[in-house]
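Listed below are the residues making up each chain.
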Amino acid sequence: MDIGIIIAGLLTLAIYTFLYRDNPIYRAAEHWLIGLTIGYAMVVFWQTTLVDLLILPLFAGGKYILVVPLILGLLMFSRFSGRFSWLSRLPIAFMIGTGAGVAIPAMLYARTLKQLSSSVAPLIAEDGGFNIEVVVVAVGLLTTLAYFYFSREHKGAMGKMAKVGTYFLMIFFGATFGYTVMSRMSTFIGRIDFLLTDFLRLLG
Amino acid sequence: MSKLSTRWIIYAGLAAVVILAYITSIQLDTRPSPQVQKAYNYFENLPESTIIMISFDHEASSLPEIQPITLAILRHAFRRNLRIIGLSLFAEGTAIGYRFMTRVAEEFGKEYGRDYVFLGFKPQHISAILGMGESIIRVFPEDYLGYPADSLPLMRQVYNYNEIEMVISIADGDRGIQWIEYAGAGYNQSIMCGLTAAMVTSYDPYIASGQLYCTVGGLAGAAEYENLFGKKGAGNRGLLAQSMAHIYVIILILIGNVVYFKSRRRRNSGP
């Protein structure tokens, strides 16, 4: 049997010992997982970020403009110094500025404007039938917004709308929770599949 | 009954139900959902040699759901003789994505460089997505194996998203949404997603607004896709176990409620 499968099988069992109670075997497996994940990520980022995007182009390719991000990156370490920690604000300001500049238009369009425009649709479908979905979306949108509108007390018509909004929210949370349970169950099923098929070889 | 023994009974019951599902040969009759049918039809109607891009944007922990979805889509794409550019915007997905692609490519006798390539991982995913809208080779000058990208026949026919028919993000988080926001909105690129079940509701608004073509979600989506494709695999095996586990959980909820109401009535009628 492949040594990787044996290790994976033993580690899976070690993790499941937590079902009994917290114990050294579980903790060892957990620490191993965290260490491996961080180690793997560090190696990948070292190669794909520092080597590929900075060290090679700067020192072997002669792209001297890359001195600017190098200096900005090094300034981040000034946070360890009480006297010079203010210098770290420069790269942070640069990151926040560029990040916001790139993200705001894209997110505003995809998450707000497109969602708004798609919530306004004709009541009569192309085949001539009544489009009930549009009504459900409109009622759901308005009542959910009413629930999150806090500038007016939730009484009378406003209170009723907010109440209906909570039902829509509960349906959403229920669906999301149901899907999440499915996902977590799938993870367990995947491990059982691995243990039975690959580790113990009980199934073909 | 002590709390510990109750817990043990619940866990042991769940394990027994899942193991039982694996050793029985019951076949579930799953009908494809509209989303999965749409994904399947899309690949089925694409002309041969069309270039698609698959981005492996997930961690190893989501493999039980991600693997059957990925394998089903890859098998369908290779059977239809589509050409695939693979990449990853999530460090952990890199080696996994390469393994999946090479495994399925071998099944269908596909040649690396001509029928498929794997470009590897690129950090700063937003920059990478935006950069590929200008030039894919500029973002990935080398592939995962270290070959210059412009030495690969497939990559010589691709400049930017204009040559990519569809981007499929296999995601267990919100990377797919970033594909929609930056490649979809910015470059009018069609996006499809293979998702873990937990993420399905987060992506639904993008389908409703027409920004996302469709999704294949969770073990159920994988099983439906496998059935349409005609090759049952981990999706179908897992779906039976999942369905039985769900029934088990529902029974536990019912028992829990009965016990709760009985004990409340006993308390209220007590001295």
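Check the entry above for the structure.
As the structure is a prediction and not an experimental result, all values here were calculated from the model.

Novice: Describe in detail the overall build of chain A, supporting the description with residues and values.
Specialist: Helix and strand counts for chain A come out as six helices and zero strands. Ordered by position from the N terminus, the helices and strands of chain A form the series α-α-α-α-α-α. Computed over the C-alpha atoms, the radius of gyration of chain A is 27 Å, more than 25% above the 17 Å expected from 2.2 N^0.38 for a compact globule of 204 residues. In chain A, which comprises 204 residues, the share counted as buried stands at 8%. Pairs at least 24 residues apart make up 15% of the contacts formed inside chain A by residues separated by at least 6 positions.

Novice: Describe the pairing of strand E1 (residues 51-57) of chain B, and please don't skip the residues or the numbers.
Specialist: Residues and elements named next belong to chain B. Within E1, six of the seven residues are buried, leaving the element largely enclosed by the surrounding structure. As defined by bridge partners, E1 adjoins strand E2 (residues 83-88) across five bridges and the pair is classed as parallel. What sits directly across from Ile 52, in E2, is Ile 84. With helix H3 (residues 63-79) bridging E1 and its parallel neighbour E2, the resulting β-α-β unit is right-handed. One ladder, built from six bridges, connects E1 with strand E4 (residues 166-171); its direction is parallel. If you follow Ile 54 over to E4, its bridge partner there is Ile 168.

Novice: Got a sec to walk through the packing of helix H10 (residues 218-229) of chain B against helix H11 (residues 234-269) of chain B? Specific residues and values, please.
Specialist: Residue and element names in this part refer to chain B. Their axes nearest at 8 Å, the elements H10 and H11 cross at an angle of 135 degrees. Considering their axes alone, H10 and H11 lie oblique with respect to each other. Crossing of H10 against H11: the hand is left-handed. Every residue of H11 that contacts H10 at Leu 219, Ala 220, Ala 222, Ala 223, Tyr 225 and Glu 226 is listed here: Gly 235, Asn 236, Gly 238, Leu 239 and Gln 242. For the contact of H10 with H11, the per-class residue count stands at six nonpolar, four polar and one charged.

Novice: Describe the interface of chain B and chain A, naming the residues involved and giving the relevant values.
Specialist: At the interface, 37 residues of chain B touch 31 residues of chain A. Listing elements by their share of the side of chain B that touches chain A, those giving two or more residues are helix H1 (3-23), H3, helix H8 (175-187), helix H9 (200-208), H10 and H11 of chain B. For the side of chain B that touches chain A, the element with the most residues is H11(B), which contributes six residues. Split by residue class, the side of chain B that touches chain A holds 22 nonpolar, eleven polar and four charged.

Novice: I'd like a description of the sheet that holds strand E3 (residues 116-121) of chain B, backed by residues and values.
Specialist: All names here are of chain B. The strand order across the open sheet formed by six strands is E3-E2-E1-E4-E5-E6, and the pairing between neighbours is parallel. Looking at the sheet topology across the chains shown, the edges are occupied by E3 and strand E6 (215-217). Averaged over all pairs of adjacent strands, the angle between strand axes in this sheet comes to 15 degrees, irrespective of strand direction. Looking at chain direction, E2 and E3 are connected through four bridges and run parallel. Bridging across to E3, Gly 86 finds its partner in Phe 118. Of the strands in this sheet, E1, E4 and strand E5 (191-195) touch H8, which is tilted by about 155 degrees from E4. Contacting E5 and E6, H9 crosses the sheet at an angle of about 165 degrees to E6.

Novice: Requested: an account of the nonpolar core, with residues and values cited.
Specialist: Most often, soluble globular proteins have nonpolar side chains that are buried together. Residue and element names in this part refer to chain B. Counting residues in each nonpolar core, the largest one holds 88 residues, and the members touching the most others are Ile 52 and Ile 191. Here this core gets nine residues from one element, more than from any other, and that element is H3. Look past the residues within four positions of Ile 52 in its chain and what remains in contact with it is Ala 77, Leu 82, Ile 84, Ile 164, Glu 165, Met 166 and Ile 168.

Novice: Outline the packing of helix H3 (residues 67-75) of chain A against helix H4 (residues 89-118) of chain A, supporting the account with residue identities and numerical values.
Specialist: All names here are of chain A. The contact between H3 and H4 brings their axes to 7 Å, and the two run at 115 degrees. Handedness of the crossing formed by H3 with H4: left-handed. Residue-level inspection shows Leu 72, Gly 73 and Leu 75 of H3 in contact with H4, the latter providing Leu 90, Pro 91 and Phe 94. Per-class residue counts for the contact of H3 with H4 are five nonpolar, one polar and no charged.

Novice: Account for unusual backbone geometry, with residues named and values stated.
Specialist: Even without glycine at this site, A:Arg201 takes up a positive phi of about 55 degrees. Among the secondary structure elements, A:Arg201 is positioned in the segment after helix H6 (156-199). Unusually for a residue other than glycine, B:Ser49 sits at a positive phi of about 75 degrees. Topologically, B:Ser49 is positioned in the loop between helix H2 (34-45) and E1.

Calculation rules
Residues numbered from 1 in each chain as written. Chains lettered and ligands numbered in written order. Predicted model: local features only at pLDDT ≥ 70, side-chain atom pairs only at ≥ 80, totals over all residues. Helix = DSSP H or I, 4+ residues; strand = E, 2+ residues; numbered from the N terminus. Rg over C-alpha atoms; globule rule 2.2 N^0.38 Å. Buried ≥ 20, exposed ≤ 12 C-beta atoms within 10 Å, placed from the backbone. Contact = placed C-beta atoms within 7 Å. Pairing = 2+ DSSP bridges. Right-handed = clockwise from strand over helix to strand, strands pointing away. Axes fitted to C-alpha atoms, helices over the stretch in contact; angles between N-to-C directions. Parallel < 35°, antiparallel > 145°, perpendicular 65-115°, else oblique. Left-handed = near helix turned anticlockwise from the far one by under 90°. Nonpolar A, V, L, I, M, F, W, Y, C, P; charged D, E, K, R; others polar. Core = buried A, V, L, I, M, F, W, Y, C linked by C-beta atoms within 7 Å.

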